[in-house]
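Residue-level listing of the chains:
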Amino acid sequence: VSTMNAKTSSRGEEEASGMRNETLGEAKRGQVIRVAYVIAALDLTFLFMQMGVMPYLAKSLDLDSVGFGYLQTIFGVLQLVGGYIFGRFADQFGARAALILSCVSGSIFFLLMSLSTSIPLLFLSRLPGVFMHGIPGAQKVITDMTTSSQRAGALGKLGFCFGVGIIAGSALGGVLSTKFGIYVPTYVGLVGSLINTLIAMVYIPSQTKPESDHHVTDHSTSQSGSLFSIREILRLMKFPGVMEVFIVKVLAGLPIGLFMIMFSIISMDFFGLEAVESGYLMSYIGVLQMVVQGLVVGKLSSRCTEMTLLRLSVFVFAGVGLGMALMRTVWHYCMIAVPLVFAFSMLATITDSILTKAVPSSDTGAMLGICASVQPLTRTVGPTIGGVLYKQFGVSSFGYLQLMVNLGLFVFLLKSKIPLGEMKS
């Protein structure tokens, strides 16, 4: 019965999505989605800019490596807690309000950073991070304004924004801090976040869902009006296939997430890279991200079913694990990075698309918020687990863990019949 309900809901969403032409014209919807991409790209640029500057700012305030670890952990915990709350806020007040909240929080974040002349103020600047969720906000806009068949391709293009953010943010942060001072990137981030706020206020409509969705929202399956509810999370996980796909999403990317958290240390100790060379490597990853998300993911999602692509991404991840276990030089990593970026991008896009289709349209924000909490969870537990793996077993341990976990998940996906109303994207 639950499977039939899911299929009926999927058909209903497709019909409701088709009515969007009556609410917003095709050209208008395309413009709003492009604005969401711009907001996401700017948000990520400012985020990566501060990530590059933060270690130097902390060092200038005499914060040691242990204290810096605490600083990163606090930010991860805040993002972890805030992801679901932000999603629920988007469901209850709309994608536009959620994006404005994220941009305003970013403005306060950079304002406090620019005033951080002591360690307590630096820790205080992390607090607005609880509502800094530009990507989930953009995903919410795209989810509301696309049909189910368009969703995977549209969400995939956000990866292009991610690549732009890595390249522009890393370069901008380095140039500004070197030539003009350590606090200048925070001033740029403050002004940029305020501009992002104005863009969201002017160009994102107050209602991004179709009219039919507004009528059913009052009768949705949501049973709690609060912004944070464990009962609501468990309710979403009970929809057909949601728990299985979410577990795959978390576990498949966990080993590589641990590796990336330790990458700054690995790049120095294992690859022997200088700071400039490490920056070039990050730019290379950013270019790969742009190419894969902009050209590959969308085309594959239009030709293959989402479950096929999910299995493919997990299988490629297993191969990446084997490559990581055997790599010895930075050139090996550059070769491995191609399938790594493909699998990472495909897994993120396809699981987000599947999960938002598996729940009612009134709960897509909460579902995206839960998905957005995966990376903060990894950043929270990652430094401890990753540090132990690297110190005790070396770089190859990340590869072997990646290989074993994803081979197990691939077998699980082949044998299990996940009850989703599967369709071609």
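Conventions and cut-offs
Residues numbered from 1 in each chain as written. Predicted model: local features only at pLDDT ≥ 70, side-chain atom pairs only at ≥ 80, totals over all residues. Heavy atoms only, no water. UniProt positions renumbered as here; feature names shortened; annotations may be inferred. Helix = DSSP H or I, 4+ residues; strand = E, 2+ residues; numbered from the N terminus. Expected span 1.5 Å × (residues − 1). Bend = angle between axes of the 7 residues up to and from the residue. Buried < 20%, exposed > 50% of the residue type's maximum accessible area, 1.4 Å probe, protein only. Contact = heavy atoms within 4.5 Å. Core = buried A, V, L, I, M, F, W, Y, C linked by side-chain atoms within 4.5 Å. pLDDT = per-residue confidence, 0-100. Axes fitted to C-alpha atoms, helices over the stretch in contact; angles between N-to-C directions. Parallel < 35°, antiparallel > 145°, perpendicular 65-115°, else oblique. Left-handed = near helix turned anticlockwise from the far one by under 90°. Nonpolar A, V, L, I, M, F, W, Y, C, P; charged D, E, K, R; others polar. Salt bridge = Lys/Arg side-chain N within 4 Å of Asp/Glu carboxyl O.

Under an unreviewed UniProt entry, the protein chain has the name Organic cation transporter-like protein 2 and belongs to Helopsaltes ochotensis. In its Function (unreviewed entry) section, the UniProt entry covering the protein chain states "May act as a transporter of organic cations based on a proton efflux antiport mechanism. May play a role in the transport of chloroquine and quinidine-related compounds in kidney. Plays a role in the regulation of lipid metabolism." UniProt, in the comment section headed Subcellular location (unreviewed entry), describes the protein chain in these words: "Apical cell membrane".

Draft legend 1. Spotlight on helix H19 (residues 374-393). The first and last C-alpha atoms of H19 sit only 25 Å apart over 20 residues, clearly below the 28 Å expected at 1.5 Å per residue. Along H19, the sharpest kink reaches roughly 55°, centred on Gly382 and followed within four residues by the proline Pro383. Of all the positions in H19, only Val374, Pro376, Thr378, Thr380, Gly382, Gly386, Leu389 and Tyr390 are classed as buried. In the stretch just after H19, Gly394 is the one whose phi turns positive, near 85°.

Draft legend 2. Summary view of the environment of Leu176. Examined against the element boundaries, Leu176 turns out to sit in helix H9 (residues 158-180). Overall, the relative accessible area of 12% leaves Leu176 in the buried class. Sequence separation between Leu176 and Thr186 is 10 residues, and the spatial gap between their C-alpha atoms is 9.7 Å. With residues near it in sequence (within four places) discarded, Leu176 still touches Met49, Gly181, Val184, Pro185 and Val188.

Draft legend 3. Structural view of the nonpolar core. Membership of the largest hydrophobic core comes to 61 residues, with the highest contact counts inside it found for Phe259, Tyr333 and Phe398. With 15 residues, the single largest contributor to this core is helix H17 (residues 330-358). In this view, Tyr333 contacts Phe259, Met260, Phe263, Phe271, Leu281, Ile285, Met327 and Leu340; residues no more than four positions away in its chain are not counted. Counting 26 residues, the second-largest nonpolar core is a separate cluster that includes Val35, Ala36, Ala41 and Cys103.

Draft legend 4. Quick look at the confidence of the model for the protein chain. Per-residue confidence for the protein chain gives a mean pLDDT of 81; residues scoring 70 or more make up 87%. Taking the mean pLDDT of every element in the protein chain, the minimum, 45, falls on helix H2 (residues 20-23) and the maximum, 94, on helix H10 (residues 184-203). Taken together, the stretch residues 1-11 has pLDDT below 50 and engages in 6 contacts with residues farther than four places along the chain or on a different chain. Here residues 214-223 scores under 50 on pLDDT; set against residues more than four positions off or in separate chains, the count is 15 contacts.

Draft legend 5. Inspection of the packing of helix H13 (residues 242-261) against H17 at higher detail. In the contact formed by H13 and H17, the axes pass within 10 Å of each other and the chain directions differ by 155°. Classified by the angle their axes make, H13 and H17 are roughly antiparallel. Note on packing geometry: the crossing formed by H13 with H17 is left-handed. Contact with H13, carried on its side by Val242, Val245, Phe246, Lys249, Ala252, Gly253, Ile256, Phe259 and Met260, involves Tyr333, Leu340, Phe344, Leu347, Ala348, Thr351, Asp352, Ile354, Leu355 and Ala358 of H17 and no other residues of that element. Here the residues of the contact of H13 with H17 are counted per class, giving 15 nonpolar, 2 polar and 2 charged.

Draft legend 6. Broad picture of the pattern of salt bridges. Scanning the entire structure with this criterion turns up 4 salt bridges. In this structure, Lys140 and Asp144 form a salt bridge, with 3.4 Å as the shortest nitrogen-oxygen distance. On the criterion of helical spacing, the pair formed by Lys140 and Asp144 is a turn pair, its members being 4 residues apart in helix H7 (residues 134-145). Under the relative-accessibility criterion, Asp144 is labelled buried at 4%. The residue Asp352 makes a salt bridge to Lys249 at a minimum N-O spacing of 3.0 Å. You can see Asp352 sitting in helix H17 and its partner Lys249 sitting in helix H13, a full 103 residues away along the chain. Given the relative accessible area of 7%, Asp352 is considered buried. Residues participating in the shared-partner salt-bridge network are Asp91, Lys140 and Asp144.

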